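Examination of the molecular architecture
So the chains spell out like this:
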Amino acid sequence: LNMQDPKSGVKSQTQRLVITTIPHAITGEDIVAWIVNRFKIDATEARAMGTMMVAFGYIYPLQDHKRLILKPDTSLYRFQTPYFWPAQQWPVEDTDYAIYLAKRNIRKKGMLELYEQEQYNSLYKWMNHKWDFIVMQAKEQYRAGKERKKPDRVVFDCQERAYWVVHRPPVRNIWTEYRPYGQFKPRVKSSVSIGAIVKYATTYKEHDPLLHSCLPSNPWLTDDVTYWTLNMPNVETPTKMRVECWTFSFGELLMDPRGRADFRLFLKKEFSGENLAFWEACEDLKWGAAETMKEKAQQIYKTFLARGAPRWINIDGKTMDITVKGLAHPHCYVLDAAQTHIYMLMKKDSYGRYLKSPVFKETQRKAIAPEPHRFTRRPSLSPIILRQQEEEQKAKLAASGPVDITQVMSELERKQKT
């Protein structure tokens, strides 16, 4: 507000921009000079402060609008209208930005900036269900804007563009739901989602210990640990329920250590065990200690990816280029592209053959189906009831005459144990 004061603020004047006259334009050097004089600081710090004002949207450039910095020269700037100030804290809505981009698309006849075109395409995919409404609003605003005088129209366009350069929402990715091992699921209709939930619940109903009884018994109710013993991570003979889970999805198979061991045996017979070994090595890198990350990444590259590697895996050239470039500065997710490629290869090719293989059928044949155990567990008495019984027993003994205290206490202890 002080910078816009007519007497003590930054000097502004009408400037000619191409063929349009822009009122109340200011130069970068005048802004820097005003900040230096007002706060008694050097020019470098004043330029940094001015750049912050531009970056936050209080001042906007008239020429190089994509670079939100303050140039200490004759570059032209204008003060943003208070309606668009960040202090107003207007919520940034995807719909508003989509209307703005649609309006610019109409005015520019499809010739948007590269970043605007990317945002436009993303919002079109994301908001396709109401795009007709967005285009209608954009046409109405464009028609209303044409009725303004040209200088006012140019100024408003600059103000609106400066606001969205600062406050535009991030690019909306249509891949919204993360799935394990690099898979993604696109946005779908609610009816399809509900159907998928129902199908999932129906499939896993008998495998949920809250919805279906545990076999042979529920260890939380019976204190019988047989359930844990039969479902140990690397048990020799799995249960039929556990083997059945492996057929639900490839992810279920890999999440079970026993299922992974069975799948590893199958791949070994097909001479493609390096695929699973590479996937496991990537998981170890992703969730392992940070101090050994660089050494692990290099070891994985030498074992599976380098030319002439002892356990070389087959990935496409594009994925290999991404991986090799990432290994120059390794991090825990540097091998995600290659891991996803191998995961999808095993899922589409090896997993289907595994379910039809003699290895799986033999495991399925040997799998055990535990019989339910019958336990009659009597609940223990409350300590309050036990104390009352003890007091009643003492009262009876006191009324009947002298007794042997040792015998009485042993009798009480015997009753408590039973």
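Below you will find a few notes about this structure.

Rules used throughout
- Residues numbered from 1 in each chain as written.
- Predicted model: local features only at pLDDT ≥ 70, side-chain atom pairs only at ≥ 80, totals over all residues.
- Heavy atoms only, no water.
- Helix = DSSP H or I, 4+ residues; strand = E, 2+ residues; numbered from the N terminus.
- Buried < 20%, exposed > 50% of the residue type's maximum accessible area, 1.4 Å probe, protein only.
- Contact = heavy atoms within 4.5 Å.
- Expected span 1.5 Å × (residues − 1).
- Salt bridge = Lys/Arg side-chain N within 4 Å of Asp/Glu carboxyl O.
- Patch = residues over 30% accessible without salt bridge, like charges linked within 9 Å, V, L, I, M, F, W, Y side chains within 5 Å.
- Areas by Shrake-Rupley, 256 points an atom, 1.4 Å probe, with all protein chains shown as cover.
- Pairing = 2+ DSSP bridges.

**With respect to the side chain of Asn275**
On the secondary structure map, Asn275 appears in helix α13 (residues 273–287). Asn275 gets classed as buried once you look at its relative accessible area, which sits at 9%. What Asn275 contacts, discounting residues up to four positions off in sequence, is Ile313, Ile342, Leu345 and Met346.

**Brief notes about unusual backbone geometry**
Pro216 follows Leu215 through a cis peptide bond whose omega is 5°. Even without a glycine there, the phi angle at Lys40 is positive, about 55°. Within the element layout of this structure, Lys40 appears in the loop between α1 (28–39) and α2 (43–56). Positive phi values are uncommon outside glycine, yet Phe271 reaches one of about 60°.

**Quick look at helix α4 (residues 114–126)**
With 13 residues, α4 extends 18 Å between its outermost C-alpha atoms, agreeing within 8% with the 18 Å of an ideal straight helix rising 1.5 Å per residue. Restricting attention to buried positions, one finds in α4 the residues Tyr115, Glu116, Gln119, Tyr120, Ser122, Leu123 and Trp126.

**Some words on the pattern of salt bridges**
Side chains that differ in sign of charge can pair as their charged atoms come close. According to the stated counting rule, one finds 14 salt bridges in the structure shown. Put simply, Arg104 and Glu116 hold a salt bridge, and the shortest N to O gap is 3.1 Å. With Arg104 in helix α3 (residues 94–107) and Glu116 in helix α4, the pair connects residues that are twelve residues apart, well separated along the chain. Taken individually, Arg104 and Glu116 each receive the classification buried, so the pair is uniform in this respect. With its nearest N and O atoms 2.5 Å apart, the salt bridge here joins Asp349 to Arg353.

**A short note on the environment of Gly273**
Its place among the elements puts Gly273 in helix α13. Residue Gly273 is classed as buried on the basis of its relative accessible area, which comes to 15%. Through-space distance from the C-alpha of Gly273 to that of Arg311 is 8.8 Å; in sequence the pair is 38 residues apart. Setting aside chain neighbours within four positions, we find Gly273 in contact with Leu267 and Arg311.

**Details of a nonpolar patch on the surface**
A surface patch of nonpolar side chains, amounting to about 480 Å² of accessible area, comprises Trp220, Leu221, Val225 and Trp228. In this fold, Leu221 is placed in helix α8 (residues 219–222).

**A closer look at the pairing of strand β2 (residues 20–27)**
Regular strands have side chains that alternate between both faces of the sheet. In this sheet, β2 lies alongside strand β1 (residues 13–17) in antiparallel orientation, the contact comprising four bridges. Across the sheet, Arg16 pairs through a bridge with Thr21, a residue of β2. In this sheet, strand β4 (residues 76–79) lies alongside β2 in antiparallel orientation, the contact comprising two bridges. Bridge pairing links Thr27 to Leu76 in β4.

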